[in-house]
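Residue-level structure breakdown
Now for the letters of each chain:
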Amino acid sequence: MDGAPPPPSPSGLSAYVAVSQLLGLTLLGTTGAWLGRYRGGVAWHSPLQFNAHPLCMVLGMVFLQGDALLVYRVFRHEAKRSTKALHALLHGLALVIALVGIIAVFESHRAKGIPDMYSLHSWCGMATFVLYLLQVRAGKPLAPPAGKGLCSTCDIPASPQWLLGCGFFLFPGASFSLRGWYKPQHIFFGITLFILSITSCLLGITEMLLFNISDSYSHFVPEGILANTLGVLLVAFGLVVGYVLTREEWKRPPLAEELALSMDFKTLTEGESPGGGSQ
């Protein structure tokens, strides 16, 4: 009804979202404190350029990516198109910041004569970043099951995951059944990449500590304790975000006008009457 206040958020959702943001801001502050207090800070085109890498990856691939996943839980009563745009914007911003972090580590290694891509952290981190850009089934045509939603004479080549999400959900034109087929994959890969991002950060923290304080790390030195605390905060942030995402009753309910538009859209794209399709 026009002018009616939106229904309240489900019990507990606001509290968990608030905790996730508190954890996220705390882990960003902890990252900055570690790099500033014990690693000399961050500066570009200097011996401190490497330090931009952990800062950018935590900010982009963890905090912003996590917030992008929470958008549909937080903005439950906003227009769907606005929510989609914010979701895509946060992912795009995370992508740009992570790219800056990757450039920083490669340029730093080149300046110091350090080889690239030899550690487990670098393998997992680069794989996560590439999968953030590319569909997992790279090199294979994407096709929905049993020919639904695509003509039999055309295939969709593997494309960037982020661009696929924009193409299917942000812009009109994709068929109803094609969106329905792609949505579960988009959700699964989003959560998987978030988990991989946190895992890569944990590997990176351990690697950085072993490189810099390997002789004293086992003696519970302050830097080691602070970095370990950062790792615990990363895990806690991931757990809270994951909990919010997996609570079925906290999913964003479709608004009444969206249901009506969805039926009209299906009629236009699939050639079905609103009541005539299966399911």
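Please read these numbers as outputs of a predicted model, since none were measured by experiment.

**With respect to the packing of helix H3 (residues 80–112) against helix H4 (residues 120–133)**
- Across the interface, H3 lies against H4 with an axial gap of 11 Å and an inter-helix angle of 145°. The two elements H3 and H4 cross, and the hand of that crossing is left-handed. Across the interface between the two elements, His 91, Ala 94, Leu 95, Ala 98, Leu 99, Ile 102 and Phe 106 from H3 touch Met 126, Phe 129, Tyr 132 and Leu 133 from H4.
- For the contact of H3 with H4, a count of residues per class yields 10 nonpolar, 1 polar and no charged.

**Some thoughts on the packing of helix H2 (residues 52–74) against H3**
- Running from N to C, H2 and H3 cross one another at 165°; their axes reach a closest spacing of 8 Å. Overall, the two elements H2 and H3 adopt an arrangement that is roughly antiparallel. In the crossing of H2 with H3, the sense of the turn from one axis to the other is left-handed.
- Taken together, the residues that form the contact of H2 with H3 break down as 20 nonpolar, 7 polar and 3 charged.

**Remarks on the layout of surface pockets**
- Here the second largest pocket is characterised by a volume of approximately 800 Å³.
- If you trace the second largest pocket, you find 39 residues lining it, with Phe 50, His 53, Val 105, His 121 and Glu 207 closest to the centre.
- Elements that contribute at least two residues to the lining of the second largest pocket include exactly helix H1 (13–38), H2, H3, H4 and helix H6 (176–213).
- For the lining of the second largest pocket, a count of residues per class yields 21 nonpolar, 14 polar and 4 charged.

**A few points about the pattern of salt bridges**
- Considering all chains together, one arrives at 3 salt bridges under this definition.
- A salt bridge links Glu 249 to Arg 247; its shortest N-O distance comes to 2.4 Å.
- In this structure, Glu 248 engages Lys 251 in a salt bridge whose closest nitrogen and oxygen atoms are separated by 3.3 Å.
- When its relative accessible area of 53% is taken as the criterion, Glu 248 is described as exposed.
- Accessibility expressed as a relative area gives 39% for Lys 251, which makes it partly exposed.

About the cut-offs
Residues numbered from 1 in each chain as written. Predicted model: local features only at pLDDT ≥ 70, side-chain atom pairs only at ≥ 80, totals over all residues. Heavy atoms only, no water. Axes fitted to C-alpha atoms, helices over the stretch in contact; angles between N-to-C directions. Helix = DSSP H or I, 4+ residues; strand = E, 2+ residues; numbered from the N terminus. Left-handed = near helix turned anticlockwise from the far one by under 90°. Contact = heavy atoms within 4.5 Å. Nonpolar A, V, L, I, M, F, W, Y, C, P; charged D, E, K, R; others polar. Parallel < 35°, antiparallel > 145°, perpendicular 65-115°, else oblique. 1 Å grid on protein atoms, 1.4 Å probe; cavity = no way out; pocket = protein on both sides within 12 Å on 5 of 7 lines; lining within 4 Å. Points joined across faces, edges and corners; volume = space filled by probe spheres on them. Salt bridge = Lys/Arg side-chain N within 4 Å of Asp/Glu carboxyl O. Buried < 20%, exposed > 50% of the residue type's maximum accessible area, 1.4 Å probe, protein only.

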